[in-house]
Amino acid sequence: MLIEVLVAVILLGFSVIYLSRAFMGCLNTMLQFANYTTALILTEEKLFNLEIVSKESDIAREGIFSENADFSYRLEVYRLSELELNQADLDVQWKDGRRSGVVNTACYFAVKK
Amino acid sequence: MIFLKVPGRFAGAKRFLSGFTPLEIKRRRRLTVARGNLSLTGLAPLKTIGKSERRMMSLTGFTLIEALLAIGVGVLVLTSAYSSLRVGWLSYRRLNSQAHIYQNLRNGLSIFAKDLRNSFLFDASDEYPIVFSGNSKEMSFVSLVVSRNEEGETYAGAARVFYKIEGNSLLRAYLKGRDMFNQSLSPEYEVFLSNISEAGFLYSASSGKSSQTDQLNWKDSFEDEAALPQAVRLKLTQKVDDAKDIISAKSVILKKSYSDE
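Because the structure is a prediction, the values reported are computed rather than measured.

Draft legend 1. Region of the structure containing the overall build of chain A. A tally of regular secondary structure across chain A gives one helix and four strands. Relative to its 113 residues, chain A shows a buried fraction of 12%. The contacts in chain A between residues at least 6 apart in sequence include a share of 44% that link residues at least 24 apart.

Draft legend 2. Representation of the overall build of chain B within the structure. From N to C terminus, chain B includes four helices and ten strands. The helix and strand sequence of chain B, counted from the amino end, reads α-α-α-α-β-β-β-β-β-β-β-β-β-β. Classification of the 261 residues of chain B by burial places 19% in the buried group. Across chain B, every contact between residues at least 6 apart in sequence was considered, and the portion connecting residues at least 24 apart equals 52%.

Draft legend 3. Seen up close, the nonpolar core. Of all hydrophobic cores here, the largest spans 42 residues; its most connected members are A:Leu42, A:Phe71, B:Leu105, B:Phe201, B:Val232 and B:Leu254. Setting aside residues up to four positions removed in sequence, B:Phe201 forms contacts with B:Gly134, B:Ser136, B:Met139, B:Val232 and B:Leu234.

Draft legend 4. The arrangement of the interface of chain B and chain A in detail. On the chain A side, the residues contacting the 22 residues of chain B number 21 residues. It is helix H4 (residues 64–117) of chain B that contributes the most residues to the side of chain B that touches chain A, eleven residues altogether. Within the side of chain B that touches chain A, the residues separate by chemical class into ten nonpolar, ten polar and two charged.

Draft legend 5. Molecular detail of the sheet that holds strand S7 (residues 218–219) of chain B. All names here are of chain B. As summarised here, the arrangement of the four strands in space is S7-S6-S9-S10, forming an open sheet in which the pairing is antiparallel. Each edge of the open sheet is held by one strand with a lone partner, namely S7 and strand S10 (246–253). One ladder, built from two bridges, connects strand S6 (residues 196–204) with S7; its direction is antiparallel. Each bridged residue has a counterpart across the sheet, and for Ser204 the counterpart in S7 is Trp218. Strands in contact with H4 are strand S9 (231–238) and S10; relative to S10, the strand with the most contacts, it is inclined by about 20 degrees.

Draft legend 6. Fine view of the sheet that holds strand S2 (residues 138–148) of chain B. Residue and element names in this part refer to chain B. Pairing within the open sheet is antiparallel, and its six strands lie in the order S5-S4-S3-S2-S1-S8. Each edge of the sheet is formed by a strand with only one pairing partner; in this case those strands are strand S5 (190–193) and strand S8 (222–224). Recorded for the sheet is a direction-independent mean angle of 40 degrees between the axes of neighbouring strands.

Draft legend 7. Structural view of the pairing of strand S2 (residues 71–80) of chain A. Residues and elements named next belong to chain A. Relative to S2, strand S1 (residues 62–64) is paired through three bridges, and the arrangement is antiparallel. Bridging from a neighbouring strand, Ile64 pairs with Ser72 of S2. Examined bridge by bridge, S2 and strand S3 (residues 85–96) share ten bridges and lie antiparallel to one another. Paired with Arg79 across the strands is Asn86, a residue of S3. Where S2 folds back on S3, the antiparallel hairpin that results is connected by four residues.

Draft legend 8. Here's a closer look at unusual backbone geometry. Residue and element names in this part refer to chain B. Even without being a glycine, Asn195 presents a positive backbone phi close to 60 degrees. Looking at the element boundaries, Asn195 is found in the loop between S5 and S6. Note on Asn195: 19 C-beta atoms within 10 Å, which makes it partly exposed.

Draft legend 9. Representation of H4(B). Taking 1.5 Å of rise per residue, the 54 residues of H4(B) would be expected to cover 80 Å, and the 78 Å separating its terminal C-alpha atoms lies within 8% of that figure. Along H4(B), the residues classified as buried are B:Leu95, B:Gln98, B:Ile101, B:Tyr102, B:Leu105, B:Leu109, B:Phe112, B:Asp115 and B:Leu116. On its buried side, H4(B) packs onto helix H1 (2–52) of chain A together with S2, strand S3 (154–166), S5, S9 and S10 of chain B.

Draft legend 10. Structural detail: the environment of B:Lys176. Residue and element names in this part refer to chain B. When you line up the elements, Lys176 lands in strand S4 (residues 169–176). Taking the C-beta count within 10 Å as the criterion, Lys176 has 13 such neighbours and is therefore assigned partly exposed. Along the chain, Lys176 and Val142 lie 34 residues apart, while their C-alpha atoms are 9.7 Å from each other. Not counting the four nearest positions on each side in its chain, Lys176 is found in contact with Val145, Ser147, Gly157 and Ala159.

Draft legend 11. Highlighting the confidence of the model for chain B. Residue and element names in this part refer to chain B. When pLDDT is averaged along chain B, the result is 76, and 69% of the positions lie at 70 or above. Mean pLDDT values for the elements of chain B range from 51 in helix H1 (residues 11–17) up to 91 in S4. Note that pLDDT drops below 50 for residues 1–6; the model gives that stretch 14 contacts with residues more than four away or on any other chain. pLDDT under 50 marks residues 38–42. Its contacts with residues more than four places away, or in other chains, come to eleven contacts. Overall fold confidence for the complex sits at a pTM of 0.70, while the interface term, ipTM, reaches 0.72.

What counts, and where the lines are drawn
Residues numbered from 1 in each chain as written. Chains lettered and ligands numbered in written order. Predicted model: local features only at pLDDT ≥ 70, side-chain atom pairs only at ≥ 80, totals over all residues. Helix = DSSP H or I, 4+ residues; strand = E, 2+ residues; numbered from the N terminus. Buried ≥ 20, exposed ≤ 12 C-beta atoms within 10 Å, placed from the backbone. Contact = placed C-beta atoms within 7 Å. Core = buried A, V, L, I, M, F, W, Y, C linked by C-beta atoms within 7 Å. Nonpolar A, V, L, I, M, F, W, Y, C, P; charged D, E, K, R; others polar. Pairing = 2+ DSSP bridges. Axes fitted to C-alpha atoms, helices over the stretch in contact; angles between N-to-C directions. Expected span 1.5 Å × (residues − 1). pLDDT = per-residue confidence, 0-100.

Okay, here's the thing in structure tokens:
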């Protein structure tokens, strides 16, 4: 009967749609994982640069990574008044199509005189 | 749906036997209209069709056009489903290999950093000098390497660690215990990172006695009997199938960089 056929087609359609959505979700997760790992490697490298820089004024506050132009960073440095320390908040961001991601890291380093 | 003129209580049951053939409704109408001119009915045989035969025709299932349409639609649906599945499968393979490379890269860089942070100047007699030496393609130094003894317990012991870039791989090896003093013994290298298209080590020598790190001056080689380099950087590019190359760098500040410490 027509109704049976329609119900079968609708069920099949829904199952195909949800299966494909699950598959696409899996692919997106893998892509996010790859981007996240890249961001972590770039973050570690940026923190290394923060550690070795001799003057606070030499620290670039934002920019794009030379290793990977899809990733950018934004850095904010605060002085912790009671301690001889600076706090650095580092955001490494990336954009992949409509999706974007960010890794936030905070670290402390000694005030250089 | 075709409604058969069956009198009495079996009329409803007959309706369900007729199946779903919408194109037959049109053909039935054409049959009714074109009595005596049966060539208009398409597939109908060129003979007089009686009422009982027409009734039988309504039970025959799909016509050729319906079957062709169904096959055409089915082929279209299957083709689009296959192409999307194929694209998805290719993306999955590409991302999977990329994810494995990233995972190996992160693990490898972590071990590389640990080896360098644990490195130290080996205070041996002049007979067995073991210094940090390196160029753009290989380096060796003394570090602490975690091993397992016969009872399965882990321990950290001094070892001479070797890194070498050969072909498209980064190789790692170490010599433990008394083996590290044996200059003639060549280490057994294992593949540490693969799919490398370009790689190199850079070294920054300490420029002063200050405990504060200065701006680093990277060089292609390092050899100093009295000191470790201030920092070591590994730059590498890895190839991924059907994707952009992965360019990464790992820089490590060595714990004891100054000879006077």
